[in-house]
Amino acid sequence: MALRDGDQEALNAALRTIEEQVPEAVKVSFQTTDQDYVGFELAVVELSSGKDLADVAPLRFAEVAGSVWPLISGIGWDGVMGEDAHGNATLILGPSGLPRPGSIA
């Protein structure tokens, strides 16, 4: 599957949401869901301290994951996320909450 209409906008909105809810986030990771070639879930929110939000504040992570789920659950695979062969995508956040150019890790 390739980039679909609305995928970039959905990703941008999800990243803005993460930035608003977790200003100390510097990197986020997503993984594909078990749906047919569509959908991601938030896997990791790395903080500026180097720690994972899920380890430091599990309830806060759950709230953030729930907030972005409606946005990322419909994003197509093999497109805007740039996920690897295992379905994992990591993005380094820029100052606006959007990925920096070439930031797909």
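Fair warning: this is a prediction, and the values are worked out from it, not measured in the lab.

Asker: Got a minute to help me understand the environment of aspartate 52 in this structure?
Answerer: Mapped onto the elements of the fold, aspartate 52 is located in the loop between strand 2 (40-47) and helix 2 (53-56). Along the backbone, aspartate 52 and lysine 27 are 25 residues apart, and their C-alpha atoms lie at a distance of 9.5 Å. Discounting chain neighbours no more than four positions away, the residues touching aspartate 52 are Val44 and Val45. In this structure the side chain of aspartate 52 is engaged in a polar contact, spanning 3.1 Å, whose partner is the backbone nitrogen of alanine 54.

Asker: Before we go on, may I ask you to explain the packing of aromatic side chains in this structure?
Answerer: The geometry of two aromatic rings is summed up by the distance between their centres and the angle between their planes. The final tally for this structure, using the stated rule, is 1 aromatic pair. Ring geometry for tyrosine 37 versus tryptophan 77: centroids 5.5 Å apart, planes at 70°, classification edge-to-face. Of this pair, tyrosine 37 sits in the loop between strand 1 (25-32) and strand 2 while tryptophan 77 sits in the loop between helix 3 (58-72) and strand 3 (88-93), and the two are 40 residues apart along the sequence.

Asker: Would you mind going over the nonpolar core with me for this structure?
Answerer: Side chains of nonpolar character tend, in soluble globular proteins, to be buried together. Core analysis: the biggest nonpolar cluster contains 26 residues, and Ile18, Val28, Phe30, Leu42, Val45 and Met81 have the highest contact counts within it. Where this core is concerned, the elements lending two or more residues are helix 1 (7-21), strand 1, strand 2, helix 3 and strand 3. With sequence-adjacent residues up to four places away left out, leucine 42 is seen in contact with Ile18, Val28, Ser29, Phe30, Phe61, Val64, Ala65, Val68 and Ile72.

Asker: Can you walk me through the confidence of the model for the protein chain in this structure?
Answerer: Predicted confidence across the protein chain gives a mean pLDDT of 88, with 87% of residues reaching 70 or more. Predicted confidence is poor over residues 100-105, with pLDDT under 50, and the contacts of this stretch with residues over four places away or in other chains come to 13 contacts.

Asker: Where do I start with the pairing of strand 1 in this structure?
Answerer: Side-chain positions along a regular strand alternate between the two faces of the sheet. Relative to strand 2, strand 1 runs antiparallel, the two sharing 7 bridges. Counterpart to threonine 32 in the pairing with strand 2 is phenylalanine 40. Alignment of strand 1 against strand 3, held across 5 bridges, turns out to be antiparallel. Each bridged residue has a counterpart across the sheet, and for lysine 27 the counterpart in strand 3 is isoleucine 92.

Parameters at a glance
Residues numbered from 1 in each chain as written. Predicted model: local features only at pLDDT ≥ 70, side-chain atom pairs only at ≥ 80, totals over all residues. Heavy atoms only, no water. Helix = DSSP H or I, 4+ residues; strand = E, 2+ residues; numbered from the N terminus. Contact = heavy atoms within 4.5 Å. Polar contact = N/O pair within 3.5 Å; in protein donor to acceptor, adjacent residues only side chain to side chain. Phe/Tyr/Trp six-rings, centres within 6.5 Å; stacked < 30°, edge-to-face > 60°. Core = buried A, V, L, I, M, F, W, Y, C linked by side-chain atoms within 4.5 Å. Buried < 20%, exposed > 50% of the residue type's maximum accessible area, 1.4 Å probe, protein only. pLDDT = per-residue confidence, 0-100. Pairing = 2+ DSSP bridges.

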